[in-house]
Amino acid sequence: MSIIVRLVTRFLVARPWQFALTVALCALGMASAVGIIWMQATLEAHARRQAEGIDIVVGAKGSALQNVLAAVYYLDVPNGNIRLDEVAALRANPMVAQAIAVAMGDSVAGARIVGAGNDFLEFYGAQLTEGALPAAPMEAVVGSALAARARLRVGDSFIGAHGMSSGDAAAEHDGNPYRVVGILKASGRVIDQIAVTPIESVWLVHEGHAASSEREATFALVQTRGPLGVATLPRMINSNTRLQAAVPALESARLLTSFDWVAIIIKAFAVVLIAAAMASLLGALMQALARREPGMAVLRAMGASRWQLALLVLAEAVALVLLASLVAAVLLAVGAWLLSHGVLPGLAVDPMVGSGYWGIALIAALCLAVIATIPVLWRSVSIDVAAQLSSR
């Protein structure tokens, strides 16, 4: 076995650039295939986790998807506001277990300032790392990720900026600074990325700027008493009121489905890369075998069996695939870190899921490598020892 290891090492060192290309193609193909499947599973799990417990989002008439993106994921602007008496009517519906009024305020460091009662914090299971919950208007608790990014601590003050801008605060809000009274523990949910204040704070800050003097909310987050409510309430609300009801699970599924074609293209690209890598592997092994046939004939003359020669060729192919899989693992780890810390901060990436997909890809790549080397294996066990030795 040690002889085979030494021969495999010499084989790889003899033409490093050719085999580096094979490893790179195979690694990129594996990383692309595993990465897109892993990312799909991660995004679907993330979407389900953020919407967990929210059966229906009720907001102003407009795009149902826009309401869900704004109310559940804080990735869009709301369609408008709704009256508090409309939220009270929802709460009175026998199919509704809970309806949480939420008012979208401005933003701080590009994160939403959300006006809501303590029932909103309880719904998300928010816990404090330090400080206390808001007890008066203009007090706020800050999610862990936002606190780290904006460097906010208990006792600090901040002024809201219009919309989702991460720029300077709005000058007209200078007289209404928010005071941080608490920092929330990391939960892996969207509440890590926002600031929460009593709903009266949003009314106070926008007093005199609102189109109506009536107190309003932006959304109602509704929990129903059972599946019947999820099935019937949205239709009733959309048909009989001026409100727009949307089911987050359905809208999220539609949104993710719309990107399926991108996943298909990337998977097809990965298949092309892997096929090119297998072709490159076959070519490299065939060229190496052509140069090494006399040496392998000497090994046969010295007592090596045909199966030992076949094992040598197979070990060379497996070594290349294993190297490629290690490179792919590094690429996947770097990509996952960039995704969760840069592109989508707060995204929970499960390394065990990725490891499982990587393991499946490794097994598939090893099987493909064995198939790709069948012509080389056949040629290696069919070497004419006498002819090769007589030609030397």
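Let us look at the structure shown here.

**Concerning unusual backbone geometry**
Line of reasoning, step 1. Not every positive phi belongs to a glycine, and tyrosine 74 is a case in point at roughly 55°.
Line of reasoning, step 2. One can find tyrosine 74 in the loop between α3 (64-71) and β2 (82-83).
Line of reasoning, step 3. Here the phi dihedral of alanine 109 falls at roughly 55°; this positive angle occurs in a residue that is not glycine.
Line of reasoning, step 4. Looking at the element boundaries, alanine 109 is found in the loop between β3 (96-108) and β4 (111-115).

**Let's talk about helix α4 (residues 84-92)**
Line of reasoning, step 1. Taken as a whole, α4 has its buried residues at Glu86, Val87 and Leu90. Down the axis of α4, the smallest arc covering the buried residues is 100°, so these residues share one side.
Line of reasoning, step 2. Check the buried side of α4 and you find it contacts β1 (56-60), β2, β3, β11 (219-224), α8 (227-240) and β12 (243-246).

**As for the environment of serine 280**
Line of reasoning, step 1. Residue placement: serine 280 occurs in helix α10 (residues 260-301).
Line of reasoning, step 2. Once the C-alpha coordinates of serine 280 and phenylalanine 19 are considered, the two residues, 261 residues apart in sequence, prove to be 8.4 Å apart.
Line of reasoning, step 3. In contact with serine 280, other than residues within four places in its own chain, are Thr22 and Leu25.

**Points about the pattern of salt bridges**
Line of reasoning, step 1. Inspection of every chain in the model, using the stated rule, returns five salt bridges.
Line of reasoning, step 2. Its salt-bridge partner being arginine 242, residue glutamate 86 comes within 2.8 Å of it at the nearest N-O pair. Of this pair, glutamate 86 sits in helix α4 while arginine 242 sits in the loop between α8 and β12, placing them 156 residues apart in sequence.
Line of reasoning, step 3. Judged by relative accessible area, arginine 242 falls into the partly exposed class, the value being 42%.
Line of reasoning, step 4. Note that glutamate 251 and arginine 254 form a salt bridge whose closest N and O atoms lie 2.7 Å from each other.

Reading the values: the criteria
- Residues numbered from 1 in each chain as written.
- Predicted model: local features only at pLDDT ≥ 70, side-chain atom pairs only at ≥ 80, totals over all residues.
- Heavy atoms only, no water.
- Helix = DSSP H or I, 4+ residues; strand = E, 2+ residues; numbered from the N terminus.
- Buried < 20%, exposed > 50% of the residue type's maximum accessible area, 1.4 Å probe, protein only.
- Arc of directions from axis to C-beta.
- Contact = heavy atoms within 4.5 Å.
- Salt bridge = Lys/Arg side-chain N within 4 Å of Asp/Glu carboxyl O.

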